[in-house]
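# Close look at the chain arrangement
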Amino acid sequence: MSKVIIIGAGGVANVVAKKCAQNDSVFTEVLIATRTVAKADKIVAEIKEHMPDSKAVFTTATVDADNVPELVKLIQDFGPKMVINVALPYQDLTIMDACLETGVHYLDTANYEPKDVAKFEYSWQWAYQDRFKEKGLMALLGCGFDPGATQAFTAHHAKHHFSEIHYLDIVDCNNGNHGKAFATNFNPEINIREITANGRYWENGQWVETQPLEISQDIYYPKVATRKSYVLYHEELESLVKHFPTIKRARFWMTFGEAYIKHLNVLEGIGMTSIEPIDFRGMKVAPIEFLKAVLPAPESLAAGYSGQTCIGVQAKGIGKDGQPKVHFVYNVKDHADCYREVQAQGVSYTTGVPAMIGAMLMLNGDWMQPGVWNVEQLDPDPFFDAMNKWGLPISELADIELVKD
Ligand code: NDP
């Protein structure tokens, strides 16, 4: 039915491509375009090997997604209906510009971040609203798991359980073990920038800033474990408090093991997480980029990864019946199952599946509408059906408060 371009060929792109191969009645022709084309070729070779029955036709190409004219040529030559951007947040705006110029729809999984400032916010991408609307094009922002599914979970709370949401807690537990002393589960540069930044949460109409990893509590993750979890800033908080103005407090919690934090503290202490370039043998090198080159590639963690992820959203407020209510919506995913299915670890899987689903819901018309959208603005019902069908079944837990005040 539809031609799409996937940009990027990392851990998440691998999952998006393989889920598109499974969903071949929607995704008939897929071009994977990236900087290092050998990585895209590897994904296509694995699709041929592991999914010989897929009717989707895959090709690959090299592209520098920082370069708008190159992107425009790529899109014009292939003629897709949409671009699924799973490169890095740095490329969001150039890819959006190219989509506008060529008249194709856009989806990504992380909001724009300038390379030289450790700061991310939606303002840059929300500024494209009028241009996408005028051209009759849709841009869907942040359609991975968090951001992404967590916003659909919030929309589900609002549609089916609450008349007013007052307290929102997004919880993200990776209880997996990859056997390495230190590694990040997605792009190390983006991951470390996120964790070493100050924490921030929303309370009574304003942002409250914390030191990095200053606030923590033990949270029980159903079917998985009780794990120490830390408040950090996450991008979906910005759009959720905008679109659900009844929210009095919104926080994002993530688990980190002691060994992970110890390594991170040392790396930070010696300057290895800095984004400021230093002179090294006549070259300018940002220490964090060098660190990225030293650390294991996220996709290389997949074989032998054990344990599960559990990501969910707890809402507290006034139920549809006018009574106080607490409710939790979540997904549990097993790393080894992900590897068996698409040769990926759970963090790439839980990001890539919602990206494929978002693209499908745009292409089949369920979500398609001109403008720039965050996931919570769209109907969560078809998204829930698709999550249950495509490998990320959703569970709910009523009347138990997992995250305390
Ligand atoms: P990886 O680092 O594994 O992959 C990124 C890919 O993008 C690589 O193939 C890389 O090429 C390619 N790329 C980078 N720069 C360019 C460029 N200028 N032109 C073309 N290609 C480029 O990252 P992940 O797959 O782990 O993550 C992908 C995206 O998903 C990121 O934006 C990340 O923030 C987001 N994410 C979102 C989550 C969510 O739940 N919403 C969770 C996890 C990740 P090369 O191989 O040459 O380096």
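Residues numbered from 1 in each chain as written. Predicted model: local features only at pLDDT ≥ 70, side-chain atom pairs only at ≥ 80, totals over all residues. Heavy atoms only, no water.

## Points about the overall build of the protein chain
For the protein chain, the count of helices and strands is 14 helices and 18 strands. Taken over the C-alpha trace, the protein chain has a radius of gyration of 20 Å; the compact-globule value for 405 residues is 22 Å, and the two agree within 12%. Oriented by its inertia axes, the alpha-carbon framework of the protein chain measures out at about 55 × 55 × 40 Å. In the protein chain, which comprises 405 residues, the proportion classed as buried is 59%. When contacts within the protein chain are restricted to residue pairs at least 6 apart in sequence, those whose partners lie at least 24 apart make up 75%. Only carbon and sulfur atoms are counted for the fraction: they give 51% of the accessible area of the protein chain, which is about 16,200 Å². Each charge sign in the protein chain was given a centre, from 37 positive and 51 negative side chains, and these centres are 2 Å apart. (Helix = DSSP H or I, 4+ residues; strand = E, 2+ residues; numbered from the N terminus. Rg over C-alpha atoms; globule rule 2.2 N^0.38 Å. Buried < 20%, exposed > 50% of the residue type's maximum accessible area, 1.4 Å probe, protein only. Contact = heavy atoms within 4.5 Å. Areas by Shrake-Rupley, 256 points an atom, 1.4 Å probe, with all protein chains shown as cover. Lys, Arg positive; Asp, Glu negative; His and termini not counted. Charge placed at Lys NZ, Arg CZ, Asp CG, Glu CD.)

## Brief notes about the pattern of salt bridges
Tallying each qualifying case throughout the model produces 17 salt bridges. Here Lys 284 makes a salt bridge to Asp 279, at a shortest N to O gap of 3.3 Å. Considered together, Lys 284 and Asp 279 belong to a single accessibility category, that of exposed residues. (Salt bridge = Lys/Arg side-chain N within 4 Å of Asp/Glu carboxyl O.)

## Quick notes on the sheet that holds strand β1 (residues 2-7)
In sheet architecture, strand pairing relies on hydrogen bonds along the backbone and comes in two forms, parallel and antiparallel. Read from one edge to the other, the open sheet built from seven strands follows the order β3-β2-β1-β4-β5-β6-β17, with strand pairing classed as parallel. The open sheet has two free edges, formed respectively by β3 (57-62) and β17 (371-374), since each of these has just one partner strand. Here the average twist between neighbouring strands, direction ignored, is 20°. Two strands pair when backbone bridges link them, and β1 and strand β4 (residues 82-85) are joined in this way by four bridges, in the parallel orientation. Bridged to Ile 5 within β4 is Val 83. Here helix α3 (residues 68-78) sits on the sheet in contact with β1, β2 (27-34), β3 and β4, set at roughly 155° to β1. (Pairing = 2+ DSSP bridges. Axes fitted to C-alpha atoms, helices over the stretch in contact; angles between N-to-C directions.)

## Details of α3
Along α3, the residues classified as buried are Val 68, Leu 71, Val 72, Leu 74, Ile 75 and Phe 78. In a view along the axis of α3, the buried residues occupy a sector of 165°, so they form one face of it. When the buried face of α3 is taken as reference, the exposed residues oriented beyond 90 degrees from it are Pro 69, Lys 73, Gln 76 and Asp 77. Structurally, α3 contributes buried residues whose contacts are with β1, β2, β3, β4 and α4 (92-102). N-cap assignment for α3: the residue whose side-chain oxygen lies 3.0 Å from the backbone N of Glu 70 is Asn 67. Positive backbone phi, approximately 65°, marks Gly 79, located one or two places after α3. (Arc of directions from axis to C-beta. Polar contact = N/O pair within 3.5 Å; in protein donor to acceptor, adjacent residues only side chain to side chain.)

## A closer look at the site of the ligand
Around the ligand there are 29 residues in total, and Arg 35, Thr 36, Lys 39, Ala 65 and Asn 187 lie nearest to it. Take Thr 109: an N or O atom from its main chain is 2.9 Å from a nitrogen atom of the ligand. Starting from 930 Å² of accessible surface for the ligand in isolation, the protein chains cover 95%. Each residue belonging to the shell around the ligand can be placed in one class, and the counts come to 13 nonpolar, 10 polar and six charged. (Near = heavy atom within 4 Å. Nonpolar A, V, L, I, M, F, W, Y, C, P; charged D, E, K, R; others polar.)

## Regarding unusual backbone geometry
Asp 146 connects to Pro 147 through a cis peptide bond whose omega is 10°. Assignment of secondary structure puts Pro 147 in the loop between β6 (138-141) and α7 (149-161). In this structure, Asn 204 is a non-glycine residue whose phi angle is positive, near 45°. Turning to its location among the elements, Asn 204 is positioned in the loop between β8 (199-203) and β9 (206-210). Located in the positive-phi region is Asp 399, a residue other than glycine, with phi close to 65°. Looking at where Asp 399 falls in the secondary structure, it is placed in the segment after β18 (394-398).

## Some details on the packing of aromatic side chains
Per the stated rule, a full pass over the model turns up 12 aromatic pairs. Judged by centre distance (5.2 Å) and plane angle (25°), the ring pair of Tyr 122 and Trp 126 falls under stacked. Taken together, the ring pairs connect Phe 182, Tyr 230, Phe 256 and Tyr 260 into an aromatic cluster. The positively charged end of Lys 3 is found above the aromatic ring belonging to Phe 78, 4.8 Å away from the centroid. Taking NZ or CZ as reference, Lys 316 lies 5.4 Å from the ring centre of Tyr 167, over its face. (Phe/Tyr/Trp six-rings, centres within 6.5 Å; stacked < 30°, edge-to-face > 60°. Lys NZ or Arg CZ within 6 Å of the ring centre and 35° of its normal.)

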